[in-house]
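Working through the structure, step by step
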Amino acid sequence: MTMIYIHEFSTGIEVKRTSDGGWESGGFTGQYMNCTREIPPEILNAISSGEFSLSEGGLQDHPAIVGRQVGGYSVVAVVSRGRDDRGRGLSLYRYFWCEGKDYIEAILRSMISRFVFDPYYQPLSTGYPLNPDSQPVSLDKFAEYLDSSPPIVIPHEQPCTHLILNEIAKEIAKRQGQDYSWAYNVAALENPWYFQVIYPASSEAENNFKEVLARRPRDSVFISGEAGIKTAIKAIIKGRVKPEHINSLEIALAHPQIDAQSWNKLLDSRGASKAYQDKIYSEPMVRLLTLKALLIPKFLPEFLIWMQTAPKPDDCWEFCRKLQASIVTEYEKNIGGLPCLTRNVKDGIYSLLSRLITKPKFSPSDSTIKHKLRGLVHSKFDIPQLVKATKLLLTQKDGFWSQVYRVSFTKDLADALTQIPDLWEPGIITNYPEEQQKFLTNLQPFWRYPGKTDKNYLSLAQFFEEVEEPHFAAIFYQISTGEVPANIFYSLSRKGNVKKGTLFEMTLIRQKGWRDHIHSALYAGIYFVTDNLRLIIRGMVIGLLLGAIVLTTILLISSWWTSRYDKTLQASMDEKIAALEEELKSAQASTTDTNNPETLTEISPENQERFNRTDEAIKAMITNLTDDINQLPPNTLNSIGIPENVQDNNEYIVLFCVRQILGIDQDLQYGEIGKYNERWQEFSDAIKEYQKSKGANTPDGVIDKDGRTQRWLEEDIRNQCLNPDGG
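Now for a quick tour of the structure.

Scoring rules and cut-offs
- Residues numbered from 1 in each chain as written.
- Predicted model: local features only at pLDDT ≥ 70, side-chain atom pairs only at ≥ 80, totals over all residues.
- Heavy atoms only, no water.
- Helix = DSSP H or I, 4+ residues; strand = E, 2+ residues; numbered from the N terminus.
- Buried < 20%, exposed > 50% of the residue type's maximum accessible area, 1.4 Å probe, protein only.
- Contact = heavy atoms within 4.5 Å.
- Disulfide = S-S within 2.5 Å.
- Axes fitted to C-alpha atoms, helices over the stretch in contact; angles between N-to-C directions.
- Left-handed = near helix turned anticlockwise from the far one by under 90°.
- Nonpolar A, V, L, I, M, F, W, Y, C, P; charged D, E, K, R; others polar.
- Pairing = 2+ DSSP bridges.
- Phe/Tyr/Trp six-rings, centres within 6.5 Å; stacked < 30°, edge-to-face > 60°.

**Considering the environment of Thr-18**
Relative to the helices and strands, Thr-18 is located in the loop between β2 (13–17) and β3 (23–28). Overall, the relative accessible area of 24% leaves Thr-18 in the partly exposed class. The contacts of Thr-18, once residues within four sequence positions are left out, are Trp-23 and Glu-24.

Right, dumping it as structure tokens:
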């Protein structure tokens, strides 16, 4: 059993002895006393935000207890009544905490004899060993509260213990997917809505709690750690960014109940909407809207446009950069340590890319600011300027967006483009953040219908060309114009990146340049001379007969010189063109006819029916294996070979394992199996061989839903593909 230790600290006071041998407070010192270990900043932040605070008059004769999960810690606060040297009452806090979120019950069971505040008590510097084993707590008499919406006030007349209160809060939090907190034997709290369950100290306190909570707006949602979030936002606006503030935002982004609407309310309470609408460009407001663009990805394009309306856009960019730089410092300290913020930044970039290919609707208000936007308005003229702003954001020194773009976004986009043919089609692509889903879903048709183009993607191609990402530029030039500029095409070919005439499973067509036109013109000239040679000779004879000897001589000399020049030029161009064609041929040397899209035949009705049966079985397998995938130990998917950005995509994982079990090349795109006879046959033959290896008497090359082949595959995926170590 892993040894866990409880640590503690208490309110710092100047202790004065009384005549009867007791003590009283001579005032607060401003520092905590009796600390067994340095207090984690998450806990300090929660305390300063009032998440454990009783309000004046909130303490009765018996100590109150507050339990709360804070970040990655379990914390219990015991609040006792004390007196100062003038006889005035005061609340004194003694905090117990340990690493790990699931040990509040263990703290309650282990520390019950040490709960009372005692300034003379000297705790062990190592803390106290903790038995983390939990014991059953019956909730039979409290079952009715488990389906209620927090905050819940348990009637004072109903006997309840702190262990029962803890169990109620834990069960409610488990159903809602959030951290939990509760307050026991309290008369008044500074922020009662910060708790899921409250047990009042008296009937009067019960009525007061119900009255206060009834006045809280109906649309407000209980959010664990809301005070810490507000503190972080306030500090960031003032430019005092600390690690604990970034950590509070990171934790909040992982909270299932905090969505864009919740963030808007929190940020609007600090003036975000007013700053945006009234164009307030002070440094605090630029920081606030920068924060909004980080927390709400789809706001990022509007934020860039808003900055361009400033009298001094460069100042706005500098204010924005400074805030990003403070976040980058934390990001670089622990790479990958801000997964939620990083996810939001990536999704914001996808929102920007989508905006570059979308023509927003024109609104009447646009005309009033059009002269200020320098082209950045909601019309067809905003795209070139938005391309420039996007480039600046993603290349800005010390920028968080640019850091994430360089470190992981480009790799994730490449992986996503590779996977598009494998994702379920037609329909919306799932298991990605919102903006990325939209972006990839809109791209699907260009793979499903080769040759389809949309000129609105041209600005995206130009953007990737400007930021020197030729792979993406080539794809979006192909999508937008149906061809790829020769300089981009050949730069990829020379690097060996264009294989089998495709990139990301999309066929690329090189744009014809002046070399091609000269080549065509040379051959056209040769054909013209050959086809009209008789007429040319006849004209020369007639000219001689008419006495045009001088003219004929000039024509002959000119013809001889032109022919000689054309042959030299043609030979040189033929040599260069042959070299380029040979380069492409060598890259395609390993390609068989079935790998060329032009040689594939559309799937027959019979094979389509067999594929549909198999497809239904694979969908069932994905459902059946979801729990197994979700319960995998950390790093298992990495060891299997699943890219990090699709480790939440169970469809991709199951298809990957199916290919592995069947011994099929991972390059075989599932999306093509239901389109072409050749692809289906390759897949079906592999199924047939698998069935034979399992001893099937009549292997048919089809996976039937709930059939034995499906069961065999599910078992092998669990025991082999998802269990690489055989544990």
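**As for the state of the cysteines**
Under the criterion given, the structure shown has 1 disulfide. Paired by a disulfide, Cys-657 and Cys-721 hold their sulfur atoms 2.2 Å apart. Between Cys-657 and Cys-721 the disulfide shows an S-S torsion of about -70 degrees. By sign, it is left-handed. Of this pair, Cys-657 sits in helix α25 (residues 650–662) while Cys-721 sits in helix α28 (residues 708–721); the two residues are 64 residues apart in sequence, bridging distant segments of the chain. Note on Cys-320: no disulfide assigned, nearest cysteine sulfur contributed by Cys-316 at a separation of 9.0 Å. For Cys-320, a relative accessible area of 0% corresponds to the buried category.

**Comments concerning the environment of Ser-269**
Relative to the assigned elements, Ser-269 resides in the loop between α7 (260–268) and α8 (272–278). Using a relative accessible area of 54% as the deciding quantity, one classes Ser-269 as exposed. For the pair Ser-269 and Lys-230, spaced 39 residues apart in sequence, the C-alpha separation works out to 9.5 Å.

**A few points about the packing of helix α23 (residues 605–630) against α28**
Contact geometry for α23 and α28: axes closest at 11 Å, N-to-C directions at 35 degrees. Here the hand of the crossing between α23 and α28 comes out right-handed. Contact residues: Ala-617, Ala-620, Met-621, Asn-624, Leu-625 and Asp-628 in α23; Gln-710, Leu-713, Glu-714, Ile-717 and Arg-718 in α28. Tallied by class, residues from the contact of α23 with α28 come to 6 nonpolar, 2 polar and 3 charged.

**Focus: the sheet that holds strand β4 (residues 64–70)**
The strand order across the open sheet formed by 8 strands is β7-β1-β6-β5-β4-β9-β10-β8, and the pairing between neighbours is mixed. The open sheet has two edge strands, β7 (128–130) and β8 (152–153), and neither has a second partner. Here β4 runs beside strand β5 (residues 73–83); their pairing, made up of 7 bridges, is antiparallel. Its bridge partner lying in β5, Ala-64 is registered against Val-79.

**Remarks on the environment of Leu-722**
As for its position among the elements, Leu-722 is in the segment after α28. Note on Leu-722: relative accessible area 6%, which makes it buried. Residues Leu-722 and Asp-628 lie 94 residues apart in sequence; the distance between their C-alpha atoms is 8.4 Å. When near neighbours in sequence (up to four residues on either side) are disregarded, Leu-722 contacts Asp-628, Ile-629, Leu-632, Thr-636, Ile-640, Ile-653, Cys-657 and Ile-717.

**Examining the packing of aromatic side chains**
Tallied over the full model, the rule gives 27 aromatic pairs. An angle of 80 degrees between the planes, with centres 5.7 Å apart, marks the rings of Tyr-73 and Trp-97 as edge-to-face. Note that Tyr-73 is positioned in strand β5 and Trp-97 in strand β6 (residues 89–99), a separation of 24 residues in sequence. Assessed through its relative accessible area of 16%, Tyr-73 is described here as buried. Ring geometry for Tyr-184 versus Tyr-199: centroids 5.4 Å apart, planes at 15 degrees, classification stacked.

Function-wise, these values are silent; they only describe arrangement.
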